[in-house]
Amino acid sequence: MTLAYLSCSMELNFKKKLALPFILLSSTILISCGGGGGGGSANNSGTCKDGSSSSFCTTEFHNNYGLKNIKAYEAYDDGYSGSGIDVSVMDGGFDLNHSDVNFQNFSYDAVNDDNDANSESPNSAIGGHGTHVAGIISAKRNSSGMHGVAYASNVVAVRMLTDANNGISDMTAAIDYASSKSSIVNNSWGSSSYTSTATCIVNGVTYTCRGVIPATSSSGFNSTDERNKWNDFDDDDAVAVFAAGNSGVNSETGQIAFYTLGGSFLAYYDAQTVLNAGLISQTNRSSPESRYPMIYGVMSENWMNVVSVDSNNTISSFSNGCGDTKNYCIAAPGEDIYSTVPTSVDSSGYDTLSGTSMAAPHVSGALALMKQKWPNLTAQELVDLILNNASDLGASGTDQVYGRGLLNLKQSM
């Protein structure tokens with residue numbers, strides 16, 4: 001199990017221009033122009049609402065362009081901030097003492113089975129991941145750094161990944177705790193696997209290679225008890241928000257990373273090239289975690305899958321596409337997102353990261369705003385409001401790349 005997350009080095013690699021590598025499979029040479037997607041810059045003009053300035057058009061607001069792109073100002077102008085709403089975040093370790101994040105005063109560490117979700121190694125990539133995700137949801141609006149989508153909501157931290165990025169063998173307690181504390185559970189993690197081996201020729205050198213793609217099954221659903229806990233989201237009136245994963249399996253901009261058998265990065269290939277080589281069966285496919293309703297035929301009304309788009313609302317080259325989750329899949333900003341990290345990761349307490357990990361909490365924060373406005377609506381009704389009011393992207397209507405479209409709080413609220 002791995003987090004649906006791009007480390008700094010992987011983020012740089014995804015923006016690296018590659019020189020015409022190709023895959024050689026079954027004596028067929030397939031040419032592919034490699035290349036990564038780059039995010040745009042935020043608009044810091046001081047305007048946010050329909051081109052007009054308001055009290056919410058602050059530097060703090062603009063430091064995460066995602067707030068403008070999802071039209072979060074509409075909720076703020078209506079007086080909603082997420083106040084009184086808890087959002088559970090199942091992730092790696094956290095920095096519960098970060099001064100700019102609204103963490104609840106209770107947490108759970110499923111790794112050590114105690115009530116301290118702080119990271120044991122806060123300077124590690126995983127140690128910073130949970131804090132970055134939490135900030136996108138609930139960083140305070142206090143004229144410092146950036147603020148979250150639901151800046152007055154609280155995050156319930158649930159640690160279920162070790163600092164070495166390994167999932168625990170039994171997630172039952174983590175799922176149970178997260179869903180018992182909140183009706184919104186953010187999951188910026190997922191599973192990946194390798195393609196079968198092929199031959200990659202890069203700069204005239206031949207390698208045996210394989211690509212990283214979404215897994216077909218998840219260790220997070222290993223046991224009947226774990227699956228029963230996820231199925232309880234229906235009875236518990238809760239929604240699970242999942243990141244789509246970062247394997248680049250999307251048909252529009254997708255770039256799938258290929259490695260030597262020893263794990264050294266070689267090149268990126270677009271999804272169609274990899275499909276033509278017979279190494280994948282579809283050009284849009286998300287992680288098994290986000291596909292849970294499709295795999296097990298249960299409760300898609302309580303599940304949301306989130307793909308990443310850049311500041312121009314184009315799907316990120318690292319993001320998986322919605323694929324067969326398209327009816328409950330939505331796009332949100334996930335590329336070059338500025339949010340909170342432990343000061344041991346960056347002395348400022350903030351850093352810019354990319355991944356569907358960063359897209360999912362935009363949706364979780366949106367749900368918190370809507371839950372504050374409509375506390376009596378069920379989880380399914382809130383999900384329907386978001387899905388039915390998304391801004392269409394890509395092919396007209398619901399499609400396998402962007403699903404229902406871009407998260408739009410102006411319409412949803």
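Residues numbered from 1 in each chain as written. Predicted model: local features only at pLDDT ≥ 70, side-chain atom pairs only at ≥ 80, totals over all residues. Heavy atoms only, no water.

Caption draft 1: Here's a closer look at the overall build of the protein chain. Per the secondary structure count, the protein chain includes 12 helices and 16 strands. Taken across its 413 residues, the protein chain has 57% of its residues classed as buried. Considering only contacts within the protein chain whose residues lie at least 6 apart along the sequence, 72% involve residues at least 24 apart. Total accessible area on the protein chain is roughly 14,300 Å²; 43% of this is exposed by carbon and sulfur atoms. (Helix = DSSP H or I, 4+ residues; strand = E, 2+ residues; numbered from the N terminus. Buried < 20%, exposed > 50% of the residue type's maximum accessible area, 1.4 Å probe, protein only. Contact = heavy atoms within 4.5 Å. Areas by Shrake-Rupley, 256 points an atom, 1.4 Å probe, with all protein chains shown as cover.)

Caption draft 2: Structural detail: the nonpolar core. By size, the foremost hydrophobic cluster in this structure holds 80 residues, and its most contacted members are Met90 and Trp230. Of all the elements, helix α10 (residues 356–373) adds the most residues to this core, at nine residues. Those residues within four positions of methionine 90 in sequence are excluded, and the remaining contacts are Val158, Met160, Met171, Ala174, Ile175, Ala178, Val185, Asn186, Asn187, Ser188, Trp189 and Trp230. One finds Cys200, Cys209, Leu266 and Ala267 within the second-largest nonpolar core, a separate group that totals 16 residues. (Core = buried A, V, L, I, M, F, W, Y, C linked by side-chain atoms within 4.5 Å.)

Caption draft 3: Geometry of the pattern of salt bridges. Under the criterion given, the structure shown has three salt bridges. Across the salt bridge formed by lysine 229 and aspartate 176, the nearest N and O atoms sit 3.4 Å from each other. In this pair, lysine 229 sits in helix α7 (residues 224–235) while aspartate 176 sits in helix α6 (residues 172–181), placing the two residues 53 residues apart along the sequence. Put simply, aspartate 324 and arginine 291 hold a salt bridge, and the shortest N to O gap is 2.7 Å. On the criterion of sequence distance, the pair formed by aspartate 324 in the loop between β13 (303–309) and β14 (329–333) and arginine 291 in the loop between α8 (271–276) and α9 (292–296) is long-range, its members being 33 residues apart. On the basis of relative accessibility, which here comes to 10%, the residue arginine 291 falls in the buried class. (Salt bridge = Lys/Arg side-chain N within 4 Å of Asp/Glu carboxyl O.)

Caption draft 4: Looking closely at the environment of glycine 397. Its place among the elements puts glycine 397 in the loop between α11 (379–388) and α12 (409–412). Not counting the four nearest positions on each side in its chain, glycine 397 is found in contact with Asp392 and Gly403.

Caption draft 5: The pairing of β13, seen in detail. The buried fraction of β13 amounts to seven of the seven residues, a majority that puts the element mostly inside the structure. Burial of β13 is two-sided: the residues Trp303, Asn305, Val307 and Val309 facing one way and the residues Met304, Val306 and Ser308 facing the other way are all buried. Here strand β10 (residues 239–243) pairs with β13 via four bridges, running parallel. Counterpart to valine 241 in the pairing with β13 is methionine 304. Where β13 lies against β14, five bridges are found, and the strand directions are parallel. Of the residues in β14, the one forming a bridge with valine 309 is proline 333. (Pairing = 2+ DSSP bridges.)

Caption draft 6: Inspection of the packing of aromatic side chains at higher detail. Inspection of the entire model under this criterion finds 19 aromatic pairs. Consider the rings of tryptophan 189 and phenylalanine 242, whose centres lie 5.4 Å apart with planes at 70°: the pair is edge-to-face. Pair noted here: tryptophan 189 is in the loop between β6 (184–187) and β7 (192–194) and phenylalanine 242 is in strand β10, with a separation of 53 residues, a long-range link. Both rings, one in tryptophan 230 and one in phenylalanine 233, keep their centres 5.3 Å apart while their planes meet at 45°; by these two values the pair is tilted. You can see tryptophan 230 and its partner phenylalanine 233 sitting in helix α7, three residues apart, about one turn around the helix. For phenylalanine 233, a relative accessible area of 0% translates into the label buried. (Phe/Tyr/Trp six-rings, centres within 6.5 Å; stacked < 30°, edge-to-face > 60°.)

Caption draft 7: Quick peek at the packing of α6 against α7. Running from N to C, α6 and α7 cross one another at 15°; their axes reach a closest spacing of 9 Å. What the angle tells us is that α6 and α7 run roughly parallel. As α6 runs across α7, the sense of the crossing is left-handed. Between α6, through Thr172, Ile175, Asp176 and Ser179, and α7, the contact on the second element is made entirely by Asp225, Glu226, Lys229, Trp230 and Phe233. (Axes fitted to C-alpha atoms, helices over the stretch in contact; angles between N-to-C directions. Parallel < 35°, antiparallel > 145°, perpendicular 65-115°, else oblique. Left-handed = near helix turned anticlockwise from the far one by under 90°.)

Caption draft 8: The sheet that holds strand β3 (residues 86–91), seen in detail. Pairing is parallel across the open sheet formed by seven strands, whose spatial order is β4-β5-β3-β6-β10-β13-β14. Of all the strands in the sheet, just β4 (108–109) and β14 have a single pairing partner and so form its edges. Here β6 runs beside β10; their pairing, made up of four bridges, is parallel. Its bridge partner being in β10, asparagine 187 is matched across the sheet by phenylalanine 242. Seen against the sheet, α10 touches β3, β6, β10, β13 and β14 and runs at an angle of roughly 125° to β13.

Caption draft 9: A look at the confidence of the model for the protein chain. On average, the protein chain scores 86 in pLDDT, and the residues at 70 or more come to 86%. Counting contacts from residues 1–45, a segment whose pLDDT is below 50, to residues more than four positions away or on other chains yields 142 contacts. (pLDDT = per-residue confidence, 0-100.)

Caption draft 10: Representation of a negative patch on the surface within the structure. There is a patch of like negative charges on the surface, built from Asp234, Asp235, Asp236, Glu301, Glu381 and Asp384. Only α7 and α11 provide two or more residues apiece to the negative patch. With respect to the helices, strands and loops of the structure, aspartate 384 is situated in helix α11. (Patch = residues over 30% accessible without salt bridge, like charges linked within 9 Å, V, L, I, M, F, W, Y side chains within 5 Å. Lys, Arg positive; Asp, Glu negative; His and termini not counted. Charge placed at Lys NZ, Arg CZ, Asp CG, Glu CD.)

Caption draft 11: Representation of the environment of glutamate 381 within the structure. With respect to the helices, strands and loops of the structure, glutamate 381 is situated in helix α11. Glutamate 381 sits in the partly exposed class, given a relative accessible area of 38%. Placed 80 residues apart in sequence, glutamate 381 and glutamate 301 show a C-alpha to C-alpha distance of 8.6 Å. Within the structure, the side chain of glutamate 381 is placed 2.8 Å from the backbone nitrogen of threonine 378, a separation counted as a polar contact. (Polar contact = N/O pair within 3.5 Å; in protein donor to acceptor, adjacent residues only side chain to side chain.)

Caption draft 12: Seen up close, the packing of α10 against α11. Two elements in contact, α10 and α11, have axes separated by 10 Å at closest approach and are oriented at 120°. For the element pair α10 / α11, the angle class is oblique. For α10 against α11, the interelement crossing comes out right-handed. Across the interface between the two elements, Ala366, Leu367, Met370 and Lys371 of α10 pack against Leu382, Val383, Leu385 and Ile386 of α11. Considering only residue class, the contact of α10 with α11 consists of seven nonpolar, no polar and one charged. (Nonpolar A, V, L, I, M, F, W, Y, C, P; charged D, E, K, R; others polar.)

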